[in-house]
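In case you want the letters, here they are:
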Amino acid sequence: MRRSIATVSLSGSLPDKLTAIGAAGFDGVEIFENDLVAGPMSPEEVRSRAADLGLSIDLYQPFRDFEAVPPPVLARNLRRAEHKFAVMERLGATCMLVCSSVSPDSVDDDALAAEQLHALAERAARHGIRIAYEALAWGRHVSDYLHAWRIVRAADHPNLGLCLDSFHILARDVDPYAIETIPAEKIFFLQLADAPALPMDVLYWSRHYRCFPGQGDLDVAGLVGHVLRTGYDGPLSLEVFNDIFRQAAAMRTAQDAMRSLVALEEAVDHRLDRTSRPAALSKAPSPVVPSGFAFAELATPDTEALGGLLTALGFARTGVHAHKPVELWEQNEARILLNTGSPESQDGPVLGAIGLESPDPAAAVKRAEALLAPVLPRLRAPEDVPLDAVAAPDGTELFFCRTGHPDHPSWTGDFSQDPGEAGTGEITHIDHVALTQPWHHFDEASLFYRSVLGLRPHESLELPDPYGLMRSRAVSTEDGRVRIALNVAYVGAHDGAPDVAWQHLALASTDIVTTVRRLRDAGAAQLAIPDNYYDDLEARYDLGAERHRLLRELGLLYDRDDHGEFLHFYTATTGRVFLEVVQRLGGYRGYGAPNAPVRLAAQYADQGGRRRGSRSRSS
Ligand SMILES: O=C(O)c1ccc(O)c(O)c1
Ligand SMILES: [Mg+2]
């Protein structure tokens, strides 16, 4: 299907927006009037720029407060419309959006609205223009699509049809099923936006919190399914009003938008049966869901601190890369690479790359490419094992691996085996990684992991920390073998606030008590948890005196859900990175989120003094 986007969805000047939209591979664009009016480009220049970029101008909008008004107001409105038609002819645009009136001049009279829209369509027809009437969710008299359809049907003019907008329909919880009763030729345009479920005034919600499909909580795919079942074959057009996208880099937002449309078309395709599925619905290669973590790579200026910490946790260094300054540390299936050759780690260790076990690494890269993920050059020596990798939105490198499979080259082949034995402690594998996202890329990141890797997003959480609210959302495979927690990087707004974008790696232990004792015996630093936490824990849960005493003594944190229990502790932080050790008892599914505020406060207390005065951050 044709893919379009409204210029209001992106930041920047009109030519910058068009360039970004063209570069992301869209077919068309909705020109938002403000973008034209406020800029120096003539309509003819906009038209030719769009054409050069391969973009058609699919819609001109919005035309407001037209219908159901007294005769003198109608005359003024028609005059206004004639001016817009002239601009549209210069632009080469043939469809104009009229949104339902919010004006106090308008009256609640469907017959009058129909008559006046008929008159407008008649004039539009003389210019070869069509009118798409849209019910705004906060329209004064017309606020749902079925009402708009009754008026359009009564007006009965070939140049008058509907514009359906997923936000206005789903935000008001109007049943989208009846869309299927509208003839396809009367649906002139389809605008798509998602939004997070927020109990607030619908106008405010629409103007500030819309997001791309798949980033919010509305069933946009279901709605598109209803529209396509009518036989609609016009554009799928994104129209997103969002405070963050208005500020973010247009190129990047346009790519995020395109990724959302590709994923949306795939979701719609899954829901439609063969007869109602348009052939033009794009088919990206299917996601190749990873089956586990192959490794995590920490870039570090030297291996001393992290090597010591890993040893204290029971890891052993088992290999070094043939010709890169990278060490392999192992304990059972948990594998960590320490890379001392990366410029990223100037200010201390960072989590730079994740290896994911993939049933088909080449197909995983093809999937990522179809969703506009940057494929990383395979920078390597000729004799190295080929590596398939893409960059996530936050710059983390994702490698698709097939560790130790006879029919596939394994990344471990690049490592000479150290004579030492692999660690055989209680740590079995990587439980999850927690990546910190710049606040303006949070929704992009969750859509990325969901669409590119086929991970399932969990609930979005807001956690209080001493210096603000931290937003957190996990994505995981169904079986939980790959879990990634996405946190918003917090930007301290005052001088005393620490300046932190921590990332961490969580390791699964089958016996966390032994692991924490091992760490303590080795003299490695554990994050200190305040006594107040344990007093509160006793109030919240009755775990028996002995268990409470043990948790307090060993600095272990505790959580539980309907499926099981969770024990965890943290190491001190080095650079931007710290390690967590977790033990899941029963089928616990979470990440210990209720303990995150305690952890953050403890980390600030631990780090604040040292960091103040050396503020440097990239996000
Ligand atoms: O917020 C608005 O006014 C507005 C304008 C045009 C649209 O298509 C829309 O969905 C909302
Ligand atoms: Mg709209």
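See the structure above.
Every value quoted in this text rests on a predicted model; they were computed, and no experiment measured them.

J.: Outline the coordination of the magnesium ion (ligand 2), supporting the account with residue identities and numerical values.
T.: Put simply, a metal with four donors set out as a tetrahedron has ideal angles of 109.5 degrees, and one with six donors set out as an octahedron has ideal angles of 90 or 180 degrees. Bound to the magnesium ion (ligand 2) on the protein side are Glu134 (OE), Asp165 (OD), Gln191 (OE1) and Glu239 (OE), at distances that span 2.0 to 2.2 Å. If you look at the magnesium ion (ligand 2), its six donor atoms make angles of 77 to 175° with each other, and the shape they trace is octahedral. Along the chain, the residues that donate to the magnesium ion (ligand 2) are spaced as E-x30-D-x25-Q-x47-E. Taken as a pair, Asp165 in strand 6 (residues 160–165) and Gln191 in strand 7 (residues 187–192) lie far apart in primary sequence, 26 residues in all.

J.: Go over the environment of Cys401 with me, naming the residues and quoting the values.
T.: Within the secondary structure layout, Cys401 lies in strand 15 (residues 397–401). The exposure class assigned to Cys401 is buried, which follows from its relative accessible area of 3%. When the C-alpha atoms of Cys401 and Gln116 are compared, they prove to be 63 Å apart, with 285 residues separating the residues in sequence. Filtering out sequence-adjacent residues up to four positions away, Cys401 remains in contact with Ala294, Phe295, Gly355, Leu356, Glu357, Ser358, Pro361 and Trp411.

J.: Summarise the environment of Leu59; cite the residues concerned and give the values.
T.: Mapped onto the secondary structure, Leu59 falls in strand 3 (residues 56–63). What makes Leu59 buried here is its relative accessible area of 0%. Spatially, the C-alpha atom of Leu59 lies 9.7 Å from that of Arg130, the residues being 71 residues apart in sequence. Dropping the residues within four chain positions of it, Leu59 is found in contact with Val29, Glu30, Ile31, Cys95, Met96, Leu97, Phe189 and Gln191.

J.: I'd like a description of the pattern of salt bridges, backed by residues and values.
T.: Following the criterion strictly, the structure yields 30 salt bridges and no others. Residue Arg518 is joined to Glu426 by a salt bridge in which the shortest nitrogen-to-oxygen separation is 2.4 Å. Within this pair, whereas Arg518 is found in helix 14 (residues 512–521), its partner Glu426 is found in the loop between strand 16 (415–417) and strand 17 (427–438), the two being separated by 92 residues in sequence. Given the relative accessible area of 10%, Glu426 is considered buried. Ionic pairing is found between Glu553 and Arg517, a salt bridge with its closest N-O pair at 3.9 Å. Here the residue Glu553 occupies a position in helix 16 (residues 545–554), and Arg517 occupies one in helix 14, the gap between them amounting to 36 residues. For Arg517, a relative accessible area of 37% gives the class partly exposed. One connected set of salt bridges, linked through shared partners, spans Glu330, Glu333, Arg335 and Glu357.

Here is what the cut-offs are and how they apply
Residues numbered from 1 in each chain as written. Chains lettered and ligands numbered in written order. Predicted model: local features only at pLDDT ≥ 70, side-chain atom pairs only at ≥ 80, totals over all residues. Heavy atoms only, no water. Donors = N, O, S within 2.8 Å, 3.2 Å for Na, K, Ca; no water. Tetrahedral: all angles 85-135°; square planar, octahedral: opposite > 155°, others 65-115°. Helix = DSSP H or I, 4+ residues; strand = E, 2+ residues; numbered from the N terminus. Buried < 20%, exposed > 50% of the residue type's maximum accessible area, 1.4 Å probe, protein only. Contact = heavy atoms within 4.5 Å. Salt bridge = Lys/Arg side-chain N within 4 Å of Asp/Glu carboxyl O.

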